[in-house]
Amino acid sequence: MRCSLLLSFGLLMVLSAGARANVVEDDCLAADPRFSVEACTAALADSSSHSPTEIFRMKAAEGNAYLARGNIDYALVDFSDAMDALAKNGADPGYNQVADVLALTAIAHLRNSDPESALDALRQAEAKDASNTRLPILKTYAAFAAGNAAGAVTRLTAFIRLYPNDRSAVELKQLFDAWQVDPAAGVAECQKRTGNGECGAKALALFEKDKAAADLISSLLAPLLRGDVSRMSREEAPGTWSDCEAPEPQYAGMACDTILAGEVTPDERYAAETNRILADVHNDDAGLAIDEAEHLLGRVSYGAAKPPENEPSAERARALLIQAHLQRGEIEDAATAADAALAEETESIPYLVLRGLTYLADNQPEDAQAELDLAFDHVQSDDPFGVSVISGVVSAAASSAQEGVASCKAAYPDAPCGSEELASGDEAGALAAIATSINDVYLGSAERPFILVGVDPLP
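Residues numbered from 1 in each chain as written. Predicted model: local features only at pLDDT ≥ 70, side-chain atom pairs only at ≥ 80, totals over all residues. Heavy atoms only, no water.

A. Structural context of the packing of helix α18 (residues 315-327) against helix α25 (residues 427-443). Interaxial distance between α18 and α25 falls to 9 Å at its minimum, and their mutual angle equals 130°. Considering the angle they form, α18 stands oblique to α25. Seen along the crossing, α18 lies across α25 with a hand that is left-handed. Across from L320, Q323, L326 and Q327 in α18, the residues of α25 making contact are T436, N439, D440, Y442 and L443. Class assignment of the residues belonging to the contact of α18 with α25 gives a composition of four nonpolar, four polar and one charged. (Axes fitted to C-alpha atoms, helices over the stretch in contact; angles between N-to-C directions. Helix = DSSP H or I, 4+ residues; strand = E, 2+ residues; numbered from the N terminus. Parallel < 35°, antiparallel > 145°, perpendicular 65-115°, else oblique. Left-handed = near helix turned anticlockwise from the far one by under 90°. Contact = heavy atoms within 4.5 Å. Nonpolar A, V, L, I, M, F, W, Y, C, P; charged D, E, K, R; others polar.)

B. Examining the state of the cysteines more closely. One pass over the structure, following the stated rule, counts four disulfides. With its sulfur 2.0 Å from that of its partner, C28 forms a disulfide with C40. Note on the C28 and C40 pair: the S-S dihedral is about 95°, so by sign convention the disulfide is right-handed. Of the two residues, C28 is situated in helix α2 (residues 23-29) and C40 in helix α3 (residues 36-43); the sequence distance between them amounts to twelve residues. According to the relative accessible area criterion, C28 is buried, its value standing at 0%. Here C408 engages in a disulfide with C417; their sulfurs sit 2.0 Å apart. Across the S-S bond of C408 and C417 the torsion is about -65°, and the bridge reads as left-handed. (Disulfide = S-S within 2.5 Å. Buried < 20%, exposed > 50% of the residue type's maximum accessible area, 1.4 Å probe, protein only.)

C. A look at the nonpolar core. In terms of nonpolar packing, the biggest core is built from 59 residues, with L67, Y141, F144, F176 and I217 touching the most fellow members. Ranked by the residues each element gives to this core, the list is headed by helix α6 (residues 95-111), at ten residues. Once you skip the residues sitting within four places of it in the chain, F144 turns out to touch A149, A152, F176, W179, A213, L216 and I217. (Core = buried A, V, L, I, M, F, W, Y, C linked by side-chain atoms within 4.5 Å.)

D. Looking closely at helix α9 (residues 149-162). Taking 1.5 Å per residue, 14 residues should reach 20 Å; α9 reaches 20 Å between its end C-alpha atoms and fits that length. Looking only at α9, the buried set comprises A149, G151, A152, V153, L156, F159 and I160. (Expected span 1.5 Å × (residues − 1).)

E. Here's a closer look at helix α20 (residues 349-361). Compared with an ideal rise of 1.5 Å per residue, which puts 13 residues at 18 Å, α20 spans 18 Å between its outermost C-alpha atoms and is within 8% of the ideal. Counting buried residues in α20 gives 13 out of 13 residues, a clear majority hidden from the surface. Near the N-terminus of α20, the side chain that reaches the backbone nitrogen of Y351, with its oxygen 3.3 Å away, is that of S348. Once α20 finishes, N363 follows within two positions and takes phi at roughly 65°, a positive value. (Polar contact = N/O pair within 3.5 Å; in protein donor to acceptor, adjacent residues only side chain to side chain.)

Take it as geometry only, folks, not as evidence of what the structure does.
See below:
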């Protein structure tokens, strides 16, 4: 509906305009009811590290997310805090942004059936930015909620003259016209459109017409603010989950996106996100995989995603992040990510193996061998990670690039293994190619699942 866009889209664009320092703030400023409240709480834990404008934006985003969740009182507190951050510090994020927050404040008051406070917020918004495109429709809602149905119809009639094909405006005018003839008919039409919302029925039964009008507007706004977020748990969407875990990367990626756009638990979010990242690297889109892995780890940090109990350090996500950097040839970034992972879990076999590969890619075969030796110390009899094979290749590479290339080709016949680099006399390039070849083998293709974090390979 056009009204839904008028109420929400503009603010999201404004909030997105600020610089984003990290993934937690990124999630906060998304104003997404699925996780932005938790992200903003985490981001604002140390308010002294943020400028007044940053606090304004994050408080506004948190309030927007609360509003979408239906937590109106919390939303109003956040919007008030956002305005206070500006007033106390003299910051100025721009009149359009202030007007947007005042418009959202008005919406929250309308949801609380408080049209007078809504009208006051709208007057302030208009003083800040008279050209704000959300204000006309909000003033129409507020006029009706305040008992001025005729004024609301007049506003809608003028709007429809300008936009005669706007179906939502035409339908809203029809509802207001019905109310003017018979308030009970207006309530019935509202209930039909909102899926049997309250729509002022209780107040009208008590002959409180003005209260009924305010409640009707509150009910009309509720579904517009919630948006269309489907529940996508394993129990409610088993087919989509099966597709998300499929080996074909494009197919899996689309299914995982569908799940992640819906309402899921933190552990389901972690599972779907890791499958989505895996689909990216299988599809040779390491850049997107890196971005999504960093966001996933950020969501783990504030609780919006939860790894399984056997992954205390979010091992699967961290390993995929390192491997995506290696796939992209970003050796320094891969090493940094591996060091951060090892700081979380010093005896993780995948982390030790991957740190070894980053050393090898950086022409440090002796250090690579040391990491593989540490990994091998933790290997069980079945060696599900293939550490013995990787260690043999790295050991050969530590002797010479020629031996490393030969050992790599023997272990992985279809991998390039630095043959071209060695033939051209580039021994350092050959070592880097050995490391990336091993990484690519263990990332796998669409037919061979990722195995550095313990997923059994296909025969």
